[in-house]
Amino acid sequence: YLFKFKLFQLSTGEILRNEIRNKTELGIKIFSIMNSGTLVSDEIVSNLIEKFISKKEYKNILGDTESPFISFEFLNALEMSNSVGIQSGWQPNHLGVYDKDELSAFMPLYIKNNSHGEFIFDHQWSYALNRAGRNYYPKLVTAIPFTPCRTEKFIGDSNLDSSYFINSIKELMEEKNIETWHLL
C-alpha cells in the first residue's frame, strides 16, 4: 500500500496556517482577515478544501451510500458553521487515501479533548485511565459529530483493506501521543 496509496490528513486549521506560513497571496489575505478579528469566509475555506478533496471525487467514492450525514455538503457545513473545530472540541483530522492522485477512500476523523456531542457516556473510562496515570484525552474519534445515526465510516472502494486506515491511525496516535481511538 505504501507505494500505491498516499494518505492525507485534512485539518482546515492546519491548511489555513500553512497558507499563512508559506506567505502565499491567499495566506497574506487570510492573515489580514484573522488579525482583524474576523472569521475567514466559508468561500475561502471551501476553496482551500477543494484543493485537497474535490467534491466530485468525494461523491464518486460515496457510491451507493445513502446517508446524508457522510455527504461532502454535510461535513463541510459542520466546518463552515464552526459546529466542529478546536472551539467546539471536534478538531477535524480526516483521512483520505489517494491512488494516482485521485481520492479513493475517506474516513472522518476528529481529535477530541472532551466527550461532548458523541452520544456516549465514557466519563468513567476517562476517570479510570486518569487514576492509572494514563491519558484518555486527547482521543481520536471516527464519527459524525452530534449525529446519533448509523452511517459508513470507511468510505471508498470496497477492495481497499480497512487495515490500511487502521495502521495509519496507529501511526498518527503514536506521533501525537494519543492513547485512545473510538469508532462510533
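The structure reproduced in this document is the subject of the present report.

Definitions and limits used
- Residues numbered from 1 in each chain as written.
- Predicted model: local features only at pLDDT ≥ 70, side-chain atom pairs only at ≥ 80, totals over all residues.
- Heavy atoms only, no water.
- Salt bridge = Lys/Arg side-chain N within 4 Å of Asp/Glu carboxyl O.
- Helix = DSSP H or I, 4+ residues; strand = E, 2+ residues; numbered from the N terminus.
- Buried < 20%, exposed > 50% of the residue type's maximum accessible area, 1.4 Å probe, protein only.
- Axes fitted to C-alpha atoms, helices over the stretch in contact; angles between N-to-C directions.
- Parallel < 35°, antiparallel > 145°, perpendicular 65-115°, else oblique.
- Left-handed = near helix turned anticlockwise from the far one by under 90°.
- Contact = heavy atoms within 4.5 Å.
- Nonpolar A, V, L, I, M, F, W, Y, C, P; charged D, E, K, R; others polar.
- Patch = residues over 30% accessible without salt bridge, like charges linked within 9 Å, V, L, I, M, F, W, Y side chains within 5 Å.
- Areas by Shrake-Rupley, 256 points an atom, 1.4 Å probe, with all protein chains shown as cover.

## Some points on the pattern of salt bridges
Consideration 1: The full count for this structure, using the stated rule, is 2 salt bridges.
Consideration 2: Glu73 is the salt-bridge partner of Lys59, the closest N and O atoms lying 2.9 Å from each other. Taken together, the positions of Lys59 in helix α4 (residues 55–62) and Glu73 in helix α5 (residues 72–80) put the pair 14 residues apart, joining distant regions of the chain.
Consideration 3: Since its relative accessible area comes to 42%, Lys59 is described here as partly exposed.
Consideration 4: We classify Glu73 as partly exposed; its relative accessible area is 36%.
Consideration 5: Here Arg134 makes a salt bridge to Glu179, at a shortest N to O gap of 2.7 Å. Of this pair, Arg134 sits in the loop between α6 (123–131) and β6 (139–142) while Glu179 is found in the loop between α7 (163–176) and β8 (180–183), placing the two residues 45 residues apart along the sequence.
Consideration 6: Residue classification places Arg134 among the partly exposed residues on the basis of a relative accessible area of 46%.
Consideration 7: By relative accessible area, Glu179 is classed as partly exposed at 28%.

## Considerations on the packing of helix α1 (residues 12–21) against helix α2 (residues 25–35)
Consideration 1: Where α1 contacts α2, the axes come no closer than 7 Å and their chain directions differ by 110°. By the angle between their directions, the pair α1 and α2 is classed as roughly perpendicular. For the crossing formed where α1 meets α2, the hand is left-handed. Here Leu16, Glu19 and Ile20 of α1 lie close against α2, whose contacting residues are Leu26, Gly27, Ile30, Phe31 and Met34.
Consideration 2: Tallied by class, the residues present in the contact of α1 with α2 amount to 6 nonpolar, 1 polar and 1 charged.

## A few points about a nonpolar patch on the surface
Consideration 1: Taken together, the side chains of Phe154, Ile166 and Leu183 define a hydrophobic patch exposed on the protein surface, amounting to about 220 Å² of accessible area.
Consideration 2: As for its position among the elements, Ile166 is in helix α7.
Consideration 3: In this structure Ile166 comes out as partly exposed when scored by relative accessible area, which is 33%.

Don't take any of this as a statement about function, it's just geometry.
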